[in-house]
There are 2 protein chains.
Amino acid sequence: MNDRLLRAARRQPVDVTPVWIMRQAGRYLPEYRAIREKVEFLELCKTPELAAEVTVQPVTRLGVDAAIIFSDILIPVEAMGMELELGDKGPHFPSPLRTATDITRLAIPDPEADTGFVAEAIRRTRAALSDAVPVIGFSGAPFTLAAYMVEGGGSKSFIQIKRLLFEQPKLAHALFEKLTQSLIPYLKMQVAAGARIVQVFDSWGGELGPDDYETFALPYLQRIVKELQGTGVPVIVFGTSMSTLLPQLVRTGADVIGCDWRIRLDDARARVGEGVALQGNLDPLALFLPQAELEARVQDVLRRAGPVGHIFNLGHGILPPTAPEAAKALVDAVHRFGRHAPVR
Amino acid sequence: MNDRLLRAARRQPVDVTPVWIMRQAGRYLPEYRAIREKVEFLELCKTPELAAEVTVQPVTRLGVDAAIIFSDILIPVEAMGMELELGDKGPHFPSPLRTATDITRLAIPDPEADTGFVAEAIRRTRAALSDAVPVIGFSGAPFTLAAYMVEGGGSKSFIQIKRLLFEQPKLAHALFEKLTQSLIPYLKMQVAAGARIVQVFDSWGGELGPDDYETFALPYLQRIVKELQGTGVPVIVFGTSMSTLLPQLVRTGADVIGCDWRIRLDDARARVGEGVALQGNLDPLALFLPQAELEARVQDVLRRAGPVGHIFNLGHGILPPTAPEAAKALVDAVHRFGRHAPVR
C-alpha cells in the first residue's frame, strides 16, 4: 500500500508529500455525473457497489494518494431518526429540531444495522483498489451536525443553533452528547471495515468564538478523537474560518489539523507547534488559474508546510465547475514538487 | 459633542469606552419596522428625511456613542449604472457583470448629483442630533462591492468573483480601479456633509487568502484610506473571517481595524501592534444570552481590549430577531464597565 498519507499524518518522513482533494469524488468528474444521472445522491450513498465505484474514480483519474469514501455527513443523522431530503441546494431536514422532545426522541443508531452500507462501500472500495491506497472514513463533528439539524440546512448567521447554545445550553449539550455517542461507533464501524484514517468535518465550527468552541465543541471532539485513536487510526479534524481556533484544535488531540486557504501554513505551524500534522490548503479557486500559476501556488504551499507532517489538499471542497484536468495538474504538481530525500 | 468615538479611533484616552452597533438602525427596532411598513428599503435610503429619522432612532433608544448613517453599500454601485433590485433575500443585481464591456460601461458617478441624498441625510441627522454624537459615514470596499456586482448578490463559494481574479486579473483590476475612483469622492462627500469618521466594509474580504488580499484588495484600500485621512477623518476598515489578514489590514493605514468575534481582542492586539485602534467584537448572538452572561462577555471583551484604542461593537451586524432591550443592556454594560481614569 501507498502509505504516504498515513506516514505524513503521523509526522513520519515520506518520499513525496501525499495529496488528496476534499470532494474528489464529485460533480466536477464526468464519470461521476454519468452515475448521478442514473441515481439520486442519497441512493448513491446507500448503494455500496456504486458508492465504491465513485470513490475509486478520482484515484484512477488523478492518482491521488487516498480514497475518501463517498458518503455524506448527514447519513448518521438520518439514522438517528431525522427525515433527510434532497433539494437543489443540497440535502436538508424538512423538520428541524425545535424542542427538547425533538432531541429526546433522537435514536442512537446501531451502526451496522442502520448504516452498514457505508461499511460495505468501504470493503468494496478496498477490494476494487486492492488496497493500493488507504481509504479515508469520515463523519461530521457534533457541532456541525447539530447546526444542520437545528437550522434545517445551511445558514448565514447560524442564529437557530447559536440561540440553542446561548438560551438552552443544557439542551445543546444533550444534543452534542447524543451525537457523540452516535458518531463514535459510526466511525469505528468504518475503521473495522478497513478505513485506515478518519476525518471529522467541523465545517461550521468556525462560526463559534474561541470560548464557545471550548465549551460546546472541544469536549466532544476530544472524546471522538481519543476513541478513534484507540482503534489505531490517525484522526484529521477540519473546518473553515478556524484559524483563530488552532489552539483549540490542537487540544482535540487530533493527529492532523486541516486548514482552509485563509492562513499561510507556516503561520499555522507557528501556532500549532510541532506535535501535529497539517493538511491543506490551496484555495479551491486556484484550480482556475493558468497552470504555471497553479504550480507556483502548489510550490508555495509545499515550501510553507515543509517536508514533514504535511498532507496536501485544497482548503475546502473542489467546486463542480472545476476542470478535471486542473485537478490532475494539481496532483501531478504536488508529486513533482513535493519530492523529498529518500525514506530510509 | 460626545467625541469618545473619535478619540478612541485615534488611540487617545477616553472617560468611557465608546460603543455603537453595526446595523443599529435596523429591523430589530419596532420604530424602524414602523417606517419600513410605509416605504421600501431603497426608497428609505433615498429619502433623507426618513433616512435621518431611522439613523437617529438607536441613538435615542440605546444611547450609543455614534450614529451610522442609514444607507446601503450598494447605493454607489447603483449610481455606477447597475440595476439594483430588492428581494426577500436582500438587495441584488439582476444583471451581474459578465464581460469586459459590462465593466467598461460602468460610470464613475458624480457623488452630489447621483447620490446627494446620502449627504442630505447626513446633514439632517446632524441637525436632528444637534451634533450630540458623531455621524459615521461608510462605503463598501472595492473587493466586496465587486463580489456583489459579479456574483449578483451574496454567494457561498464566491466562484464568479474569484474566477474573475484568477482568470482575468487585468479586468478585475480595472473593476477595482473604477470602484476606487467612485468610492473616494462618495466618501469625501459624506465627510463634507459632516461625517466625522468613515467605515469601509470589506465584508467578503475574508474570502481571499493573504496573498490574494495583498494583490487584489490592499492597494485600493490604501488609496481610499489615505485620501479620506487627507480630509481629516479617521478610517475604520472592517470585515469578517479576516483574522489571518490582520497584517494586511494594518498595511491599509486604517486608524481602526474592526474584528469579528472569531478572535480574542488581546490576540488581535498582539498581531496588529500598538499603532492602530481595534473595534469589536462581541458575537451578535451573545445578545440572546441571559443578561448576567451578556455582561460577563462585555467585561471580557473590555478587559482583552484594554482602555485605549478600543471602540466597542458587535463582531457583525445585529440580527433582526434581537430584542432591543438586549441591545440597550449591551450599551449600558459597556458604559458601566468601560469607565476609565478621568481624561485630563
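Residues numbered from 1 in each chain as written. Chains lettered and ligands numbered in written order. Predicted model: local features only at pLDDT ≥ 70, side-chain atom pairs only at ≥ 80, totals over all residues.

*Asks:* Would you mind going over the relation of the copies chain B and chain A with me for this structure?
*Replies:* Both copies of the chain are related through a single rotation about an axis accompanied by a shift along the same axis. Under the fitted operation, chain B is carried onto chain A by 0.0 Å of movement along the axis and a turn of 180°, and the coordinates agree to an RMSD of 0.0 Å. Here the symmetry operator amounts to a two-fold rotation axis. When each C-alpha of chain B is compared by its distance to the rotation axis, B:Ser241 comes out closest, at 3.0 Å. Interface overlap between copies: 100% of the residues of chain B at the interface are likewise at the interface in chain A, consistent with a symmetric, same-surface contact. (Least-squares fit on C-alpha atoms with pLDDT ≥ 70 in both. Contact = placed C-beta atoms within 7 Å.)

*Asks:* I keep staring at the sheet that holds strand β6 (residues 235-238) of chain A and nothing clicks. Help me out?
*Replies:* To summarise the sheet geometry, strands pair through backbone hydrogen bonds and adopt either a parallel or an antiparallel arrangement. Residues and elements named next belong to chain A. Spatially, β1-β4-β5-β6-β7-β8-β9 is the arrangement adopted by the seven strands of the open sheet, whose pairing is parallel. The strands lining the two open edges of the sheet, one partner per strand, are β1 (67-68) and β9 (310-314). Of the strand pairs in this sheet, β6 and strand β7 (residues 256-258) are connected by three bridges, and their pairing is parallel. From the neighbouring strand, Ile236 faces β7, where its bridge partner is Val256. Sheet strands in contact with helix α12 (residues 218-229) are β5 (197-201) and β6, and its direction is about 155° off that of β6. (Pairing = 2+ DSSP bridges. Helix = DSSP H or I, 4+ residues; strand = E, 2+ residues; numbered from the N terminus. Axes fitted to C-alpha atoms, helices over the stretch in contact; angles between N-to-C directions.)

*Asks:* What should I look at first to understand the nonpolar core in this one?
*Replies:* As a rule of thumb, nonpolar side chains are buried together in soluble globular proteins. A:Val198 and B:Val198 are the most contacted members of the largest nonpolar core, which totals 242 residues. Those residues in contact with A:Val198, other than ones at most four positions away along the chain, are A:Ile136, A:Gly137, A:Phe138, A:Leu187, A:Gln190, A:Val191, A:Leu228, A:Val233 and A:Val235. (Core = buried A, V, L, I, M, F, W, Y, C linked by C-beta atoms within 7 Å. Buried ≥ 20, exposed ≤ 12 C-beta atoms within 10 Å, placed from the backbone.)

*Asks:* Sorry, what's going on with unusual backbone geometry here?
*Replies:* Glycine aside, residues mostly have negative phi angles, and peptide bonds mostly take the trans form. Across the junction of A:Gly280 and A:Asn281, the peptide omega takes the value -5°, indicating a cis bond. By the secondary structure assignment, A:Asn281 is in strand β8 (residues 277-282). We note that A:Ser130 has phi near 45°; this positive angle belongs to a residue other than glycine. Its place among the elements puts A:Ser130 in the loop between α7 (111-129) and β4 (135-140). Positive phi, normally seen in glycine, also occurs at B:Arg11, with a value near 60°. Counting through the fold element by element, B:Arg11 comes out in the loop between α1 (4-9) and α2 (30-36).

Shape descriptors only; they carry no functional weight alone.
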